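Spelled out, the chains give:
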Amino acid sequence: MSELNLIGVDVGTGSVRAALVSSSGKVLKTCVKSTQTWNPLPNHYEQSSDNIWNAVCVCVRNVASICPKEHIKGIGFDATCSLVVLDKNGNPLTVSTSGSEEQNIILWMDHRAQSETNFINSTKHELLNYVGGTVSLEMECPKLLWLKKNMFQQTWIKAGAFYDLPDFLTYKATGNISRSICSAVCKWNYDAVKASWSDDFLNEIGLSDLAEDNFRLIGQKLNSPGHPIAGGLSPEAATAMGLLPKIAVATSMIDAHAGALALLGARNPNSKISESLTSKMAIICGTSTCHMSLTEAPIMAPGIWGPYKNAIIPNLYLNEAGQSATGILMDFVLQTHPSYGQLLEQHGSNGNIYAFLNEFLVDLKLQRGLTSVHKLTTSLHVWPDFHGNRSPLADPTLKGMISGLTMTKDVQNLALIYLALMQALAYGTRHILDVLARSGREPIRSILLCGGLSKNGLFVQTHADICSIPVLLPHETEAVLLGSAMMGACAASVYADLKTAAIEMGGTAEVVKPDMSDGNRDYHERKYRVFLKMVDDQQSYEKIMTN
């Protein structure tokens, strides 16, 4: 075991994970602990910062126990872009209509702030150009405005700090109030080009009080991800985590962005695929999916967030797109089908069911004498926005659609719907790539995948085929934890900067090549036209009914 190790901590939607990682990028040990989520009202999702921090300490103690404390040089944190509210004494302050102080986090996927989002977008402020023209209700300003309007007495006037969850974690680890440019520019409408909060924007959207006392409530000091936080790990946090005080603590990153950092550093030395960071797209596939790409010059694309300067790598611009429901949507379609109970009894878990369905589809292709498994869905089409569209349409009101349903309810029916949904998610990625290209971005030469869906071979091949570019799968599967450890390595000066840490720790990747045969490409071109027409049809139905 290397004498020089780092710790990466990832707080996802439903759990905390930690990893002990060597300075060469090898994950040595991981630990996971579930966290609690409340859903008191439709579209309200809440968590507890105490619950999350306790889980962090448990996981870090676990992974740190296998090596001497003095061998651990740094720690990095990433988390979901959820809103944490503390009172003036640093204690949890409720965000819940239940009044429970324990419930002090509005989870990223909470959609309570729709009217506030609509209002902010109606201002058409120039800062909105950096979020594809419209702020998302999953970002923090709509949630803050909701709190001010709906919980003024209970929460707003009592608040001592509003944190993005990644920044809350570094605050708890160090006692130092330091914010990350990553969270601020991507989720809080911070102006990274001018390197300042916008008084004008906050005033126009009704949050001018956040500018008081030099923006004390939302962050006076911002640093780039990986920048060491003064003082390092506090004695209290060190005791709770089983680490030595003062080890380097890195300025944080949003979870998907940490995954992108690790992915962008992965490479295949035997391929001719460009290794330039700006030629790649990192796709982090979990409950939802995030699409990340870096450019040297700013690219403004409608419906796609960014360009965010310095959000991942200093002096590079990030464009961030995404799909609001992917892994969770595939599970939903599986679990609501009449044959699910039978398959669960036979195969024991969703993962095993998906593996079975992949094999089932290959057998069905052979039975029908087809050249590609994709041609099984000629008359079955899906628009996958069951939870709204994040990119590139930026319309949270869109709904899911399935065309070609029959009264059949057997396993074959489920397999075909599953395949059509998988194709639709890949067409969604192609839609994002097309909008970026039309906006002037240099061509994406490769896609790097991580997350749960990246372990599904058919999902990976489908993305390669539909997007007509190779997909790289890093051999180190824990990309998000690796990205956090890279930040810890940068903070501890193991590597000179974050770009170097990504390259040195990113490791190698397997290449999945697309099927570029004329028949396959023609088929997907036609299905992609159907895909785009489905949303046009949905929008026309909406106009008919609202008019």
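Before reading further, recall that the structure is shown in the block above.
Everything quoted here is computed from the prediction, not taken from an experiment.

**Let's talk about the pairing of strand 3 (residues 27-34)**
Part 1: Judged from the 7 bridges that link them, strand 2 (residues 15-22) and strand 3 form a sheet pairing that is antiparallel. Within the sheet, the bridge partner assigned to Ala18 lies in strand 3 and is Cys31.

**Concerning the nonpolar core**
Part 1: Core analysis: the biggest nonpolar cluster contains 93 residues, and Leu147, Phe162, Leu207, Leu210, Leu261, Tyr308 and Met505 have the highest contact counts within it.
Part 2: In terms of residues, this core owes the most to one element, helix 15 (residues 479-491), which gives 10 residues.
Part 3: Residues within four places of Leu210 in sequence aside, it is in contact with Leu144, Trp156, Phe162, Leu202, Phe215, Leu217 and Ile218.
Part 4: Judged by nonpolar contacts, the second largest core, of 61 residues, contains Leu329, Leu357, Ala420 and Ile432.

**Some details on the environment of Ala55**
Part 1: Relative to the helices and strands, Ala55 resides in helix 1 (residues 49-64).
Part 2: With 40 residues separating them in the primary sequence, Ala55 and Ser15 have C-alpha atoms 8.3 Å apart.
Part 3: Discounting residues that sit within four places of it in the chain, Ala55 has contacts with Val16, Lys33 and Thr35.

**Thoughts on unusual backbone geometry**
Part 1: Going from Gly306 to Pro307, the amide bond is cis rather than trans, its omega being 10 degrees.
Part 2: Turning to its location among the elements, Pro307 is positioned in strand 15 (residues 305-309).
Part 3: Residues Ser391 and Pro392 are joined by a peptide bond in cis, for which omega reads 0 degrees.
Part 4: Note on placement: Pro392 falls in the loop between strand 17 (381-383) and strand 18 (401-403).
Part 5: Unlike most non-glycine residues, Ala195 shows phi in positive territory, near 55 degrees.
Part 6: Here Ala195 lies in the loop between helix 5 (181-187) and helix 6 (199-204).
Part 7: For Ala394, which is not glycine, the phi dihedral falls at a positive 50 degrees.
Part 8: Structurally, Ala394 is set in the loop between strand 17 and strand 18.
Part 9: Judged by relative accessible area, Ala394 falls into the partly exposed class, the value being 25%.

**Side note on the side chain of Ser339**
Part 1: Note on placement: Ser339 falls in the loop between helix 10 (327-335) and helix 11 (340-347).
Part 2: Of note is the side chain of Ser339, whose polar atom sits 2.9 Å from the side chain of His337.
Part 3: In this view, Ser339 contacts Lys409, Asp410, Val411 and Leu414; residues no more than four positions away in its chain are not counted.

**Overview of the sheet that holds strand 21 (residues 509-512)**
Part 1: Within the open sheet, the 7 strands sit side by side as 15-16-14-13-19-20-21. Their pairing is mixed. Looking at strand neighbours, the two that pair on one side only are strand 15 and strand 21, the edges of this open sheet. Neighbour-to-neighbour, the strand axes of the sheet open up by a mean angle of 25 degrees, direction not taken into account.
Part 2: Here 4 bridges tie strand 20 (residues 471-474) to strand 21, and the two strands are oriented antiparallel to one another.

**A closer look at the sheet that holds strand 6 (residues 83-87)**
Part 1: Pairing in this open sheet of 4 strands is antiparallel, and the strands run 4-7-6-8 from one edge to the other. Only two strands of the sheet have a single partner each, and these edge strands are strand 4 (46-47) and strand 8 (159-164).
Part 2: Relative to strand 8, strand 6 runs antiparallel, the two being bridged by 5 bridges. Following the sheet pairing, Val85 is matched in strand 8 by Phe162.
Part 3: Contacts from helix 3 (residues 140-150) reach strand 6, strand 7 (105-106) and strand 8 within the one sheet, and its direction differs from that of strand 6 by about 40 degrees.

**Some thoughts on the packing of helix 10 against helix 13 (residues 411-438)**
Part 1: At a closest axis distance of 10 Å, the pairing of helix 10 and helix 13 adopts a crossing angle of 165 degrees. Here helix 13 runs roughly antiparallel to helix 10, going by the angle between their axes. Considering only the axes of helix 10 and helix 13, their crossing is right-handed. From helix 10, Leu329, Met330, Val333 and Leu334 reach across to helix 13, where they touch Leu414, Ile417, Tyr418, Leu421, Met422 and Leu425.
Part 2: A class-by-class count of the residues in the contact of helix 10 with helix 13 yields 10 nonpolar, no polar and no charged.

The rules behind each value
- Residues numbered from 1 in each chain as written.
- Predicted model: local features only at pLDDT ≥ 70, side-chain atom pairs only at ≥ 80, totals over all residues.
- Heavy atoms only, no water.
- Pairing = 2+ DSSP bridges.
- Helix = DSSP H or I, 4+ residues; strand = E, 2+ residues; numbered from the N terminus.
- Core = buried A, V, L, I, M, F, W, Y, C linked by side-chain atoms within 4.5 Å.
- Buried < 20%, exposed > 50% of the residue type's maximum accessible area, 1.4 Å probe, protein only.
- Contact = heavy atoms within 4.5 Å.
- Polar contact = N/O pair within 3.5 Å; in protein donor to acceptor, adjacent residues only side chain to side chain.
- Axes fitted to C-alpha atoms, helices over the stretch in contact; angles between N-to-C directions.
- Parallel < 35°, antiparallel > 145°, perpendicular 65-115°, else oblique.
- Left-handed = near helix turned anticlockwise from the far one by under 90°.
- Nonpolar A, V, L, I, M, F, W, Y, C, P; charged D, E, K, R; others polar.

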